[in-house]
Amino acid sequence: MEERSLERVNQMHDAVQAAPFFKGLPEAAVAQATSHVVMRSHPAGQVILLENDWGSSVYFILDGWAKIRTYNLDGKEVTLNILGKGEIFGEMAPLDEVPRSTDVITLAPTVIANMPAQDFVNLLNSEPQAGIRLAQLMARRLRQINRRLRLRESDSTSRVVDVLLFLADGQGIQRAEGLDIPNLPHRELSSLSGLARETVTRVLSKLERKELIRRDREILRIPDPHALEKILL
C-alpha cells in the first residue's frame, strides 16, 4: 500500500513538473516549489474558484478543460477563456493579495494540481526565469483578449472564426491531419464570441460545409489554420 501511495505521489509530481510553466527552470527549484502540491479530480461542471474568494493556491490543469467566467452588468455569464492541459490559473490573486476576480468551472472531468500560493511566490522571488515565464503568459493572454475585443464589431463568421483560432492558439494540438481543439458546447462558443447560440451553430455548419473545419463528438479539427485565418483578412 505504501509503495503504491509513493508511486502515485511521484507520478503526480512528474505530471506537475512537466507543465510548460516549469520548462527550463532548475530541477531543484521546481522540486521545491511542487513539494506540497495536492492533486484532485473534479467532475464536469464543478466550480473550482469563485469570484471574490481569497487566493491561497495556484492551480495547474493536468488533464481536462476549465473555463474562466465572469458576469456583465446585466447578470449574463461571459466566458473569458478556456484552459486545458498544462495551463495555470489563479496566479494573480496571491501576487497582489486581492480576492479572485473571476470564477473557474470545469467543462469536462478534470485533474487539477493545487500549489500553495506561498510556494509559487517563493519560486518567482528565487528564480527570475519564472517571473519572465509568468510575464510571457500574461502578455499572451492580453494579446488574445485585445484581438477578440477588436473583432467585437465584425460579422458573425469572423467572430466565430476568431474564437476557434483563439482556442487553437491556447489549446491546439497539431496532428498530421490538422490542428485539433476541443469541440466545445455551442453555448460556450456563444459566450466567447458574444453571439447568439443559433448564430454560432449556423456559422459552424457553414464552415463545415466549406471543409474549413471538421467535427466529431469531442474534437473540432482545423485542417488548414491559414485558410481559416484568411476569413479575418
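What counts and what doesn't
Residues numbered from 1 in each chain as written. Predicted model: local features only at pLDDT ≥ 70, side-chain atom pairs only at ≥ 80, totals over all residues. Heavy atoms only, no water. Salt bridge = Lys/Arg side-chain N within 4 Å of Asp/Glu carboxyl O. Core = buried A, V, L, I, M, F, W, Y, C linked by side-chain atoms within 4.5 Å. Buried < 20%, exposed > 50% of the residue type's maximum accessible area, 1.4 Å probe, protein only. Helix = DSSP H or I, 4+ residues; strand = E, 2+ residues; numbered from the N terminus. Pairing = 2+ DSSP bridges. Axes fitted to C-alpha atoms, helices over the stretch in contact; angles between N-to-C directions. Contact = heavy atoms within 4.5 Å.

- Looking at an unreviewed UniProt entry, the protein chain carries the name Crp/Fnr family transcriptional regulator, with the source organism given as Romeriopsis navalis LEGE 11480.

**Let's talk about the pattern of salt bridges**
Part 1 of the argument: Counting across every chain of the model gives eleven salt bridges.
Part 2 of the argument: Linking Arg175 and Asp180 is a salt bridge whose minimum nitrogen-to-oxygen distance equals 3.4 Å.
Part 3 of the argument: Through salt bridges that share partners, Lys67, Arg69, Glu77, Asp103, Arg187 and Glu188 make up one connected network.

**Focus on the nonpolar core**
Part 1 of the argument: One finds Leu164, Leu167, Leu204, Leu207 and Leu228 to be the most contacted residues of the largest nonpolar core, which totals 24 residues.
Part 2 of the argument: Looking at this core, the elements with two or more residues in it are α6 (156–171), β10 (178–182), α7 (186–193), α8 (197–209) and β12 (219–222).

**A closer look at the sheet that holds strand β7 (residues 103–106)**
Part 1 of the argument: Spatial strand order, β2-β7-β4-β5: four strands in an open sheet with antiparallel pairing. Every interior strand has two partners, whereas the edge strands, β2 (47–49) and β5 (77–83), have only one. When strand polarity is set aside, the average angle formed by the axes of neighbouring strands in this sheet is 35°.
Part 2 of the argument: The pairing of β2 with β7 spans two bridges and is antiparallel. By the bridge assignment, Val47 is partnered in β7 with Ile105.
Part 3 of the argument: Relative to the sheet, α7 contacts β4 (66–71) and β5, its axis offset from that of β5 by approximately 105°.

**Focus on the sheet that holds strand β3 (residues 57–63)**
Part 1 of the argument: One open sheet holds the four strands; their spatial order is β1-β8-β3-β6, and the pairing between them is antiparallel. Across the chains shown, the open sheet's two edge strands, defined by having one partner strand only, are β1 (38–42) and β6 (88–89).
Part 2 of the argument: Two strands pair when backbone bridges link them, and β1 and strand β8 (residues 110–116) are joined in this way by five bridges, in the antiparallel orientation. Paired with His42 across the strands is Thr110, a residue of β8.
Part 3 of the argument: Where helix α4 (residues 117–126) meets the sheet, its contacts fall on β3, β6 and β8, and the angle it forms with β8 comes to roughly 70°.

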